[in-house]
Number of protein chains: 2
Amino acid sequence: MRISELSARTGVPVATIKYYLRERLLPEGVRSAPTQATYDERHVERLRVVRALIESGVSVAETRRVLDALDDPPASPHDLLGAAHAAVLPAAEADLDVSAAERLVEGLGWHAGMCDDQVLAGVARALQGLDRAGFEVPDAVMSVYLDAIGRLARAEIAGVPTESPEAAVRYVVLGSVLVEPLLLALRRVAEQIASAERFGGADAEGA
Amino acid sequence: MRISELSARTGVPVATIKYYLRERLLPEGVRSAPTQATYDERHVERLRVVRALIESGVSVAETRRVLDALDDPPASPHDLLGAAHAAVLPAAEADLDVSAAERLVEGLGWHAGMCDDQVLAGVARALQGLDRAGFEVPDAVMSVYLDAIGRLARAEIAGVPTESPEAAVRYVVLGSVLVEPLLLALRRVAEQIASAERFGGADAEGA
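Residues numbered from 1 in each chain as written. Chains lettered and ligands numbered in written order. Predicted model: local features only at pLDDT ≥ 70, side-chain atom pairs only at ≥ 80, totals over all residues. Heavy atoms only, no water.

Asks: I keep staring at the relation of the copies chain A and chain B and nothing clicks. Help me out?
Replies: Relating the two copies of this chain is a rotation about some axis coupled with a shift parallel to it. Superposition record for chain A on chain B: RMSD 0.0 Å, screw rotation 180°, translation along axis 0.0 Å. Interpreted geometrically, this transformation is the action of a two-fold axis. For chain A, the minimum C-alpha distance to the rotation axis belongs to Ala-148 of chain A and amounts to 2.3 Å. Comparing contact sets, 100% of the residues at the interface of chain A also lie at the interface in chain B, consistent with an isologous, same-surface contact. (Least-squares fit on C-alpha atoms with pLDDT ≥ 70 in both. Contact = heavy atoms within 4.5 Å.)

Right, here's the structure in full:
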């Protein structure tokens, strides 16, 4: 198909497709004339993934690394998950103090060596951000966080399909990244429901 | 104190403080000479909050709206939560189809009118992103998401302090925004732990 049809099929404007091609997020089409190329179903699928990642706030450079993990997956699903996380996370700073993060994730069943440094650094940075703002999560709330997040992650990993490597790759790489906006959005809805129940929202006022 | 001491106290570079002042994220100091101003403890605290929000990926415009909600809070904690969410979310598009989002959040106990349009639009957009990427969350995983997120939000709202309006404001506004990076970071750690347990990571190989 021509680039115009690729655009119509995916809803991505032609100018954006050209940008993705220049940024090597999308493989070149087969050149059919000096100024024309043809694209196939793999371009449609790849374009959908690229758009979803970019719209989720993943940067161009991170998207390229996620695509690399999709195209050249490590042998085990465990390493694959590490590659997906590595693609979207900054490197761990050598001087970052991770001791508070380590104590916290022990509540998830963590012990030394169980996850990548980059991932642990993410927890340390998040705790630092809260600390700098002078915000403390009450202990009772934190222990519900750990319990809820542990359940959620175990269900996700139990759901990794093993019938084909391609299916596992898609699930792990896209699931770890693309599901984030959904979880945050669901949390906001659940907070408003719980708050309406506790403090009485529009609903409780009989509106 | 001078701007240099404000910088030393908070670890925020002087140039960044000047930028925040220009962007009205930080109130002016009291002018003590034509080219000098003095700052007090409220500047220290405000600067910590601003830096934490900006470092969490909240934009300058969104940060300004979060600060407005802190400075001029609505009367009820429920409306306050709505203001905090509104500050960091785009407006709901008039033509966005929220029917799938509505069906999904019924699993959280939602019924019509229980949350703001903007918040529901966030769920709809996240579902659209997954859909466009051709990614489906398995039903069994989605129901664990709903259960886990519901628990987490109820604990958060139960933890809203009611002894002072200031404490409630800080908790609701900062908690809803600043905790997001922590939850996502904990999820990545929990995923790696669950994956090491299921697929055998470095640990299971006896490394």
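Asks: Looking at this structure, I do not really get the environment of Ile-54 of chain B. What am I missing?
Replies: Residues and elements named next belong to chain B. Residue placement: Ile-54 occurs in helix H3 (residues 41-55). With a relative accessible area of 25%, Ile-54 lands in the partly exposed category. Between the alpha carbons of Ile-54 and Leu-178 there is a distance of 9.9 Å; along the sequence they are 124 residues apart. Once you skip the residues sitting within four places of it in the chain, Ile-54 turns out to touch Tyr-20, Leu-25, Val-60 and Thr-63. (Helix = DSSP H or I, 4+ residues; strand = E, 2+ residues; numbered from the N terminus. Buried < 20%, exposed > 50% of the residue type's maximum accessible area, 1.4 Å probe, protein only.)

Asks: How do you make sense of the pairing of strand E1 (residues 30-33) of chain B when you look at a structure like this?
Replies: Every regular strand shows the same layout, with side chains that alternate between the two sheet faces. All names here are of chain B. Relative to strand E2 (residues 36-38), E1 runs antiparallel, the two being bridged by three bridges. In the strand pairing of E2, Arg-31 is matched with Ala-37. Counting the residues that bridge the hairpin from E1 to E2 gives two residues. (Pairing = 2+ DSSP bridges.)

Asks: Even after reading the chapter, I still don't get the side chain of Glu-180 of chain A, so can you show me in this structure?
Replies: Mapped onto the fold, Glu-180 of chain A is located in helix H9 (residues 165-200). Judged by its relative accessible area of 14%, Glu-180 of chain A is buried. Looking at Glu-180 of chain A, its side chain comes within polar contact range of the side chain of Arg-188 of chain B, at 3.0 Å. Setting aside residues up to four positions removed in sequence, Glu-180 of chain A forms contacts with Leu-184, Arg-187 and Arg-188 of chain B. (Polar contact = N/O pair within 3.5 Å; in protein donor to acceptor, adjacent residues only side chain to side chain.)

Asks: Just to check I follow, could you spell out the interface of chain A and chain B for this structure?
Replies: How big an interface is tends to be reported as the loss of accessible area on association of its parts. On the side of chain B, 86 residues touch chain A, which itself brings 86 residues to the contact. Each partner contributes to the roughly 7800 Å² buried at the junction of chain A and chain B, and carbon and sulfur atoms together form 71% of this total. On the chain A side of the contact with chain B, Arg-132, Arg-187 and Gln-192 of chain A bury the most area, a combined 10% of that side's loss. For the interface between chain A and chain B, the tally reads six salt bridges. The tally of links from chain A across to chain B stands at 28 residue pairs in polar contact (both at pLDDT 80 or more). Counting residues per element, the ones that place at least two in the side of chain A that touches chain B are helix H3 (41-55), helix H5 (77-88), helix H6 (99-105), helix H7 (117-132), helix H8 (139-158) and H9 of chain A. Looking at the side of chain A that touches chain B element by element, the count peaks at 28 residues for H9 of chain A. (Buried area = accessible area lost by both parts, 1.4 Å probe. Salt bridge = Lys/Arg side-chain N within 4 Å of Asp/Glu carboxyl O.)

Asks: Sorry if this is basic, but what is going on with helix H1 (residues 3-10) of chain B here?
Replies: All names here are of chain B. Along H1, the positions that sit buried rather than exposed are Ile-3, Leu-6, Ser-7 and Thr-10. Looking straight down H1, one finds that the buried residues subtend no more than 100° of arc, so they occupy a single side. Residues of H1 that are buried make contact with helix H2 (14-22), E2 and H3. A positive phi of about 75° marks Gly-11, the residue just after H1. (Arc of directions from axis to C-beta.)

Asks: What is the right way to read the packing of H9 of chain A against helix H7 (residues 117-132) of chain B from this model?
Replies: Two measures define how a pair of helices packs: the angle their axes make with one another and the distance between the axes. Put simply, H9 of chain A and H7 of chain B touch, their axes get as near as 8 Å, and they point 160° apart. Classified by the angle their axes make, H9 of chain A and H7 of chain B are roughly antiparallel. In the crossing of H9 of chain A with H7 of chain B, the sense of the turn from one axis to the other is left-handed. Here Leu-178, Val-179, Pro-181, Leu-182, Ala-185, Leu-186, Arg-188, Val-189 and Gln-192 of chain A of H9 of chain A lie close against H7 of chain B, whose contacting residues are Val-119, Gly-122, Val-123, Ala-126, Leu-127 and Leu-130 of chain B. A class-by-class count of the residues in the contact of H9 of chain A with H7 of chain B yields twelve nonpolar, two polar and one charged. (Axes fitted to C-alpha atoms, helices over the stretch in contact; angles between N-to-C directions. Parallel < 35°, antiparallel > 145°, perpendicular 65-115°, else oblique. Left-handed = near helix turned anticlockwise from the far one by under 90°. Nonpolar A, V, L, I, M, F, W, Y, C, P; charged D, E, K, R; others polar.)

Asks: Looking at this model, I keep getting lost on the side chain of Arg-46 of chain B. Mind explaining?
Replies: Relative to the elements of secondary structure, Arg-46 of chain B occurs in helix H3. Those residues in contact with Arg-46 of chain B that sit more than four places away from it in its chain are Leu-25, Leu-26, Pro-27, Leu-67, Leu-70 and Asp-71 of chain B.

Asks: Before we go on, may I ask you to explain H3 of chain B in this structure?
Replies: Because each turn of an α-helix spans 3.6 residues, side chains separated by three or four positions end up pointing in the same direction. Look at H3 of chain B: 21 Å from first C-alpha to last across 15 residues, which is about the 21 Å you get at 1.5 Å a residue. Of all the residues in H3 of chain B, the buried ones are His-43, Val-44, Arg-46, Leu-47, Val-49, Val-50, Arg-51, Ala-52 and Leu-53 of chain B. Looking at the buried positions of H3 of chain B, the neighbouring elements they touch are H7 of chain A together with H1, H2, helix H4 (60-71) and helix H9 (165-200) of chain B. A positive backbone phi angle near 95° is found at Gly-57 of chain B, which sits one or two residues after H3 of chain B. (Expected span 1.5 Å × (residues − 1).)

Asks: Mind showing me how you'd approach the packing of aromatic side chains here?
Replies: How two aromatic rings sit relative to each other is given by the distance of their centres and the angle of their planes. Scanning all chains against the criterion turns up four aromatic pairs over all chains. On the basis of an interplanar angle of 40° and a centroid distance of 5.9 Å, the ring pair of Phe-135 of chain A and Tyr-171 of chain B is categorised as tilted. Of this pair, Phe-135 of chain A sits in the loop between H7 and H8 while Tyr-171 of chain B sits in helix H9, each in a different chain. For Tyr-171 of chain B, a relative accessible area of 12% translates into the label buried. Relative to Tyr-20 of chain B, the ring of Tyr-19 of chain B lies with its centre 6.1 Å away and its plane at 50°, an arrangement referred to as tilted. (Phe/Tyr/Trp six-rings, centres within 6.5 Å; stacked < 30°, edge-to-face > 60°.)

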